Amino acid sequence: TSAPPTRRGALIVVEGLDRAGKSSQCEMLRDSLSRQGQEVKYIRFPDRTTPIGKLIDSYLRGTSHQDDHSIHLLFSANRWEIAKSIEKDITNGTTVIVDRYSYSGVVYSAAKANPTLSLEWAWQPEIGLPRPDICLFLSISPEEAAKRGGFGAERYENEAMQTRVRELFRTIFEKQQDVSIIDAGKSINGVAQEIQDAVASCIVRMDATGAL
Ligand code: ADP
Ligand code: 2DT
Ligand code: MG
């Protein structure tokens, strides 16, 4: 007897600014899907545990310096080194929830306003990575984010950078399809419900189109 065919898992990306609630919501979504009996994994980028991730970690903590292009490619390489395992999970029916992905990759790099690092340049190394079935953008105002605590000590955690990042997220998500913009200023449970609804309709859509 052969095992019944498994429906492939979904690739769910959660994006947003610092303190938008990404990590809290990824955990809640994982628990909610898991309670519904789905196989589910929660991963995050950068994955600071790999050798490339350790370079990224020291750059973010400010203990090392990197050329803007070079660190951009390391962030991308950090996704490529995990891409195969994401594809394997999805094929085997496991839903993968990803905390930050290519969108953070292009937006944070392009926000540096380096004349040779455009959004277009930044997209190139992302081409061919596993394609998200849905991207949830947790949208939050600077005022709401400030209520959730001050900036940390890492690179990028300052007002000027966050303002440019917010603008660029808006620019790319205006053109992007399959993105759900979620008002992340609501209560934790309110946001979680909105995310669960968006994910449920994404899965219905995948079933209807026979996504394999
Ligand atoms: P991110 O991963 O986007 O940086 P976190 O999930 O770590 O955000 O949340 C940042 C902080 O804000 C945490 O202290 C968290 O408990 C709090 N928080 C998250 N979501 C909400 C919400 N909807 N309302 C109020 N506080 C929140
Ligand atoms: P957190 O670990 O707190 O999410 O912060 N970043 C992230 C990039 O510049 N490029 C990328 O490709 C990714 C995934 C966003 C990680 C910081 O690193 C930035 C904030
Ligand atoms: Mg987080």
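These figures come from a predicted structure and were not determined experimentally.

A. Quick peek at the packing of aromatic side chains. Applying the stated criterion across every chain, the model contains 9 aromatic pairs. Relative to Tyr156, the ring of Tyr59 lies with its centre 6.4 Å away and its plane at 65°, an arrangement referred to as edge-to-face. One end of the pair, Tyr59, is in helix α2 (residues 51-60); the other, Tyr156, is in the loop between α6 (142-147) and α7 (159-175), and 97 residues separate them in sequence. Since its relative accessible area comes to 10%, Tyr156 is described here as buried. Here a set of aromatic residues connected by ring pairs shows up, and it is made of Tyr59, Tyr103, Tyr108, Trp123, Phe137, Tyr156, Phe169 and Phe173.

B. Representation of the state of the cysteines in the model. According to the stated counting rule, one finds 0 disulfides in the structure shown. The thiol of Cys26 is unpaired, and the distance to the nearest cysteine sulfur, on Cys135, comes to 11 Å. According to the relative accessible area criterion, Cys26 is buried, its value standing at 0%. No disulfide involves Cys202; its sulfur sits 11 Å from the nearest other cysteine sulfur, which is in Cys135.

C. Representation of helix α4 (residues 102-110) within the structure. Judged by how many residues are buried, α4 sits mostly within the fold: 9 of 9 residues are covered. Along its buried surface, α4 packs onto β1 (11-16), α3 (68-91), α5 (119-123), β4 (134-139) and α7.

D. Up close: the packing of α4 against α7. For the pair α4 and α7, the least separation of the axes is 9 Å and the interaxial angle reads 130°. Put simply, α4 runs oblique to α7. The handedness of the crossing between α4 and α7 comes out as right-handed. Together, Tyr103, Ser104, Val106, Val107, Tyr108 and Ala110 of α4 and Met161, Gln162, Val165, Leu168, Phe169, Ile172 and Phe173 of α7 make up the contact between the two elements. Looking at side-chain class alone, the contact of α4 with α7 contains 11 nonpolar, 2 polar and no charged residues.

Analysis parameters
- The residue count restarts for each chain, going from 1 along the sequence in the order it is written.
- As they are written, the chains are lettered A onward and the ligands numbered 1 onward, keeping that order.
- Totals for whole chains, interfaces and linings use all residues, but because this is a predicted model, local features are given only for residues with pLDDT of at least 70 and pairs of side-chain atoms are given and counted only at 80 or more.
- The side-chain values count all of the structure's non-hydrogen atoms but skip hydrogen atoms and water molecules.
- Pairing of aromatic rings covers Phe, Tyr and Trp, the last counted by its six-membered ring, and requires centre-to-centre distances within 6.5 Å; plane angles under 30 degrees mean stacked, over 60 mean edge-to-face, and any other angle means tilted.
- A helix here means a DSSP run of H or I that spans at least four residues, while a strand means a run of E at least two residues long, and both kinds are numbered starting from the N terminus.
- Only protein chains enter the area calculation, which uses a 1.4 Å probe; residues under 20% of their type maximum are buried, those over 50% are exposed, and those in between are partly exposed.
- Note that a disulfide, as used here, is simply two cysteine sulfur atoms within 2.5 Å.
- Contacts were defined at the residue level, with two residues in contact if any of their heavy atoms lie within 4.5 Å.
- Axes here mean lines fitted to C-alpha atoms, for a helix over just the part in contact, with angles spanning 0 to 180 degrees between N-to-C directions.
- Here roughly perpendicular refers to angles of 65 to 115 degrees, roughly parallel to angles under 35, roughly antiparallel to angles over 145, and oblique to all remaining angles.
- Each crossing gets its handedness from the near helix: less than a right angle anticlockwise from the far helix is left-handed, clockwise is right-handed.
- Side-chain classes are defined by residue name, with Ala, Val, Leu, Ile, Met, Phe, Trp, Tyr, Cys and Pro counting as nonpolar, Asp, Glu, Lys and Arg as charged, and the others, Gly among them, as polar.

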